[in-house]
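Observations on the three-dimensional arrangement
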Amino acid sequence: GTGACKGPIESGAESADPALVLARFFDPSYPTGNAFSLLDAARILARGSDLSAKLALLGDHASAVGGGSGALILIHDADAQVLTDADGKLLLSVRPEAAPALAEAIRDRRPIWSIVADPPAVGIFAGGSRQAVVPLVVEDELGSSVEGMLLLATDDTGPDEATREILGAVADLGAVAIRQAR
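Quick notes on the rules
Sequence order as written defines residue numbering, which begins from 1 separately in each chain. Totals for whole chains, interfaces and linings use every residue, but because this is a predicted model, local features are given only for residues with pLDDT of at least 70 and side-chain atom pairs only at 80 or more, for both listing and counting. Just so you know, side-chain values use all the structure's heavy atoms and leave hydrogens and water out. Looking at any residue, its pLDDT shows the predictor's confidence there, from 0 to 100. Whether two residues touch is decided by their heavy atoms; if any such pair falls within 4.5 Å, the residues are in contact. Among the buried residues, those of types Ala, Val, Leu, Ile, Met, Phe, Trp, Tyr and Cys that are joined through side-chain atoms within 4.5 Å form a nonpolar core. Each residue is placed in one exposure class: buried if its accessible area under a 1.4 Å probe, protein chains only, is under 20% of its type's maximum, exposed if it is over 50%, and partly exposed if it falls in between. Helix and strand definitions follow DSSP, with helices as H or I runs of at least four residues and strands as E runs of at least two, each counted in order from the N terminus. Whether two strands pair comes down to DSSP finding at least two bridges between them.

**Overview of the confidence of the model for the protein**
Any segment with low pLDDT has predicted coordinates that should not be analysed in fine detail. In the predicted model, the protein carries a mean pLDDT of 82, and the fraction of residues at 70 or more is 79%. Of the regions scoring below 50 in pLDDT, residues 1-16 engages in 52 contacts with residues more than four places distant in sequence or in other chains. When the criterion is pLDDT under 50, residues 27-34 qualifies, and its contacts beyond four places in sequence or with other chains add up to nine contacts.

Right, here's the structure in full:
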């Protein structure tokens, strides 16, 4: 999975303290309006909402952890080489000639923490043109597969180390949600 994601981030204009970022994720009593805990994430997967609602909630939490600029979890269709939302309203090509960064993240099964958005993904988030792209990878006895992609609005430096770990965990949960729905 993507839970072992490594590397540095800025949250807005100020540097995020890794201890505070982890507190936001693991401590449900952490004093913020957007606190996100592992318990919240588990409840999203365990409770009976549909896939669209699960991915939207996980995306909201990824956005909050990543600084609030926006995040979206999309489903990967390997045969059609596209990413789509659960409702089928958004369709992004991941063909290497159209979306080299998305195709690379899928091929290598590794996140790219800050890159100028590929043409199909330009304009998904208001404001900046940079995104983190995090593949949603599931591993089983048959190997690994990319179930989807977490797109996160970011800046030139991308998320810090602690935030990357949290976003990797959210991506893993998104992968499990998609796999369960298939």
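**Side note on the nonpolar core**
Within the largest apolar cluster, 26 residues are counted, with the highest numbers of intra-cluster contacts made by L55, I73, L136 and L150. Where this core is concerned, the elements lending two or more residues are α2 (38-46), α3 (51-65), β3 (71-77), β7 (130-140), β8 (143-153) and α5 (161-181). Residue contributions to this core peak at eight residues, all from α5. Apart from residues no more than four positions distant in its own chain, I73 is found in contact with L55, L58, G59, L136, M149, L150 and V170. Formed by 19 residues, the second largest nonpolar core is a distinct cluster that contains L74, L102, F125 and A153.

**Points about the side chain of T154**
Tracing the backbone shows T154 in the loop between β8 and α5. What makes T154 buried here is its relative accessible area of 18%. Excluding residues within four positions of it along the chain, T154 makes contact with W113, S114, R130, Q131, A132 and P159.

**Here we look at unusual backbone geometry**
At Q81, a position not held by glycine, the phi torsion is positive, near 55°. The residue Q81 is located in the loop between β3 and β4 (82-84) in this model. Despite not being glycine, R109 shows a phi value in the positive range, around 55°. In this structure, R109 sits in the loop between α4 (100-108) and β6 (112-116).

**So, the pairing of β8**
Across the 11 residues of β8, eight count as buried, placing the element largely inside the fold. Inspection of the sheet shows β3 paired to β8 by five bridges, in the antiparallel sense. Among the inter-strand pairings, A71 is bridged to a residue of β8, identified as L152. By the bridge criterion, 10 bridges tie β7 to β8 in an arrangement that is antiparallel. Residue V137 lies in a different strand from β8, and its bridge partner there is V146.

**Side note on the environment of V134**
Following the sequence through the fold, V134 ends up in strand β7. V134 gets classed as buried once you look at its relative accessible area, which sits at 1%.

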